[in-house]
Amino acid sequence: MTVTVMTEQPESPTNQPVAKSSSQTQRRYEPTVREIVEKARATPASSKGAWCVSLTTSVLLYASFTPLDWGWLGWIALAPLCLLIRLPKPTRAMYRVTFAAGLAWSLPTLEWMRLGDVSMYPAWFALAFYLALYFPVFIGTSRVAVQRWGVPLVVAVPVCWTGLEYLRAQFMTGFAWYFLGHTQHAWPEMIQISDVVGAYGVSFLVALSCGCVAALAPEPWLKKLGLFPPVQLPAEFSHLPADGMLTEAPMPTVRPQWISVGATLSLIVAALGYGVLRRSQAEFKAGPRVALVQGNFPTSLKHDPNEAVKIYRIQEALTGMSVKHQPDLVVWPETMFRWPLREKEVGVTDDDLLAIAPPFSDADRTNWIQSWNDPQVRATLRQMSEQAGAAMLIGIDTWVARKGKFSAYNSAAFVTPSEGYLGRYDKLHRVIFGEYIPLKQSIPALAALTPFPEDFGIEKGETPKVFEHKNYSFAPIICFEDTVPEISRTVKRDAPKVDLLVNLTNDGWFAKSSELDQHLITASFRAVECRTPMVRSVNTGISAVIDGDGVVVEPLAFIDGDRANPPRDSMRDPKSGKWHKDLNAAIVADVPLDNRTSLYVQHGDWFAGSCGSIVLLLALAGLVTRPKQR
């Protein structure tokens, strides 16, 4: 709208009118309503609303996992964050805000990482920072799907969240903890779909519910939260319908809401129905009787060579207390036999041994060579098995001497009363910064992220192993390998007749923290995915027998090695219902063998991998394309 303003001119000396030239006519321009609207649309909302919804999701997610473990909150935890996906235009600093909200969740959730050693604080911060990055990536990829490609919110949210969980489980050796589906561990019927699509399928359903809830939120709520920029028209335009003109094109959530609600409820009910059906098909039969030895040794104590005998004596006593129940298999936790198993490759000479030896005095040279020929460790292992009258899986360090190379492994040694030491399994999945330091030669400063010396590190094993005893077969997995879906699936795929998975773990780093609970929860999904029971022998706890439904089985006998007063005769505290932790104990139970098969074992991560591929495609589209101008 153009307004012409005439200015008053002075009279001429002759009182004749003066002609007005163009230079004497002043023009000024006022913006049109359309220009005001376009300017409003170009101005993002403040970050206040983004902070509100993002931090709400952080609080809900924290409460959904251990230590609070309010799993029902998982069904709505992502909904506040998903409101940012609905916005036609991002708020100010939206991606920085969501990253900060991710830190607000990951830092307190992972605080147990710092308990092992003060030098683990950098590793705690680094992992928390890494997990927080997934929040803005989730928002960014979901917005590409919804705002650019017109994908319904209720579809984009579960696909992107599940795809990112899958990628997180693969990248940099993987971190398959704190999946959204893990919040539902206490609801056995809901998690049975894991034998088709893995734990990722449960995450998909829970994220689907969150997306549906976010799509149902009325648009006025978003305005009240400050997710739209507040705009005031000049007073002379107050009669115009500004609100309507300032609203963008209809948001993608205007699709019939009953379709989204109906589809969401239908999938959840179908998953529950499948869970009820699959649980009814189980014909659990009593398998081998196992005794799970659980010492109570902080990791700092375990690494003290002066305490090796004490550790051995206590666990030997716990084994003896289990013998009266006549177990078929006794399991000691990870690295709890403190003398290394030494093995030489064929052709290794004394000179080769000296070449790989650590610095020592001349007097020690003979002892070093003799130690590689000393049969004492194997003899002790056999003697332990003979006294127990049972086969044993023992967590032990293995040292291997090769020409020009010394290798260390985290192993599980298998011994029987009749044949002694029969072989070992070497851990395949090493913990980053816990068992090896990536790029240590290229970036020496990375060693500062761990409490270990410069020469620290173990080698990766070559292949899974299956051992047999009394017509039962079992496959050992060590430490966090029970949290890696691919490890257990590969074992079961390559050896379908494996009767049980045996996990040897040392959680002595983490005191009585929520890590012990979350580790057990995550492991329970492996039993469902493979339809194979799992037994866990864990230093400091929580040791357990898990059936093929992912349910922890009450043992035949709970042996309290600390002889507490009042005595503890169950895995849980009868008052609080929480698991006992940090105690010397042994658990004896008959393993319930599972007769069912698993599609997940046969076909793997086809579902989660597809979601991961879609996420990568969305991320690429977001980086190389620009949003269309309206």
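Before reading on, note that the structure itself is shown above.
As a starting point, this report considers the structure included with it. Values in this document were obtained by computation on a predicted structure and should not be read as measured data.

This part is about the packing of helix α2 (residues 48-64) against helix α3 (residues 79-86). For the pair α2 and α3, interaxial distance at closest approach is 7 Å and the crossing angle is 145°. Taken together, the residues of α3 that come into contact with α2 (itself represented by A50, V53, S54, T56, T57 and L60) are P80, L81, L83 and L84.

Throughout the structure, instances matching the rule amount to 31 aromatic pairs. Look at W368 and W372: their rings are 5.7 Å apart centre to centre, the planes differ by 75°, and that puts the pair in the edge-to-face class. Sitting over the face of the ring of Y409, R424 holds its NZ or CZ atom 5.5 Å from the ring centroid. Between the NZ or CZ atom of R572 and the centre of the ring of W579, over which it lies, the distance is 3.6 Å.

All right, on to the side chain of D352 then. Looking at the secondary structure, you find D352 in helix α16 (residues 350-355). Polar contacts involving the side chain of D352 include one to the main-chain amide nitrogen of T349, which spans 2.9 Å. Leaving out residues up to four positions away in the same chain, D352 has contacts with G347 and K403.

Once that is clear, we can look at the pattern of salt bridges. A pair can form between side chains of opposite charge whenever their charged atoms are brought close. Summed over the entire model, instances satisfying the criterion amount to 25 salt bridges. Between D594 and R596 there is a salt bridge whose closest N-O contact spans 2.7 Å. A residue is classified by how much of its surface remains accessible, and D594, at 16% relative accessible area, is buried. Through salt bridges that share partners, E189, D195, R278, R279, R531, D549, D594 and R596 make up one connected network.

A few words now on helix α18 (residues 376-388). In this model, α18 (13 residues) spans 18 Å end to end at C-alpha, consistent with the 18 Å of a helix rising 1.5 Å per residue. Looking at α18, one finds that the buried residues are V377, T380, L381, M384, S385 and A388. The buried residues of α18 all sit within an arc of 135° when viewed along its axis, so they share a single face. The inward-facing, buried residues of α18 abut α15 (308-323), β4 (329-331), β5 (337-344), β6 (391-402) and β7 (405-416).

Calculation notes
Residues numbered from 1 in each chain as written. Predicted model: local features only at pLDDT ≥ 70, side-chain atom pairs only at ≥ 80, totals over all residues. Heavy atoms only, no water. Axes fitted to C-alpha atoms, helices over the stretch in contact; angles between N-to-C directions. Helix = DSSP H or I, 4+ residues; strand = E, 2+ residues; numbered from the N terminus. Contact = heavy atoms within 4.5 Å. Phe/Tyr/Trp six-rings, centres within 6.5 Å; stacked < 30°, edge-to-face > 60°. Lys NZ or Arg CZ within 6 Å of the ring centre and 35° of its normal. Polar contact = N/O pair within 3.5 Å; in protein donor to acceptor, adjacent residues only side chain to side chain. Salt bridge = Lys/Arg side-chain N within 4 Å of Asp/Glu carboxyl O. Buried < 20%, exposed > 50% of the residue type's maximum accessible area, 1.4 Å probe, protein only. Expected span 1.5 Å × (residues − 1). Arc of directions from axis to C-beta.

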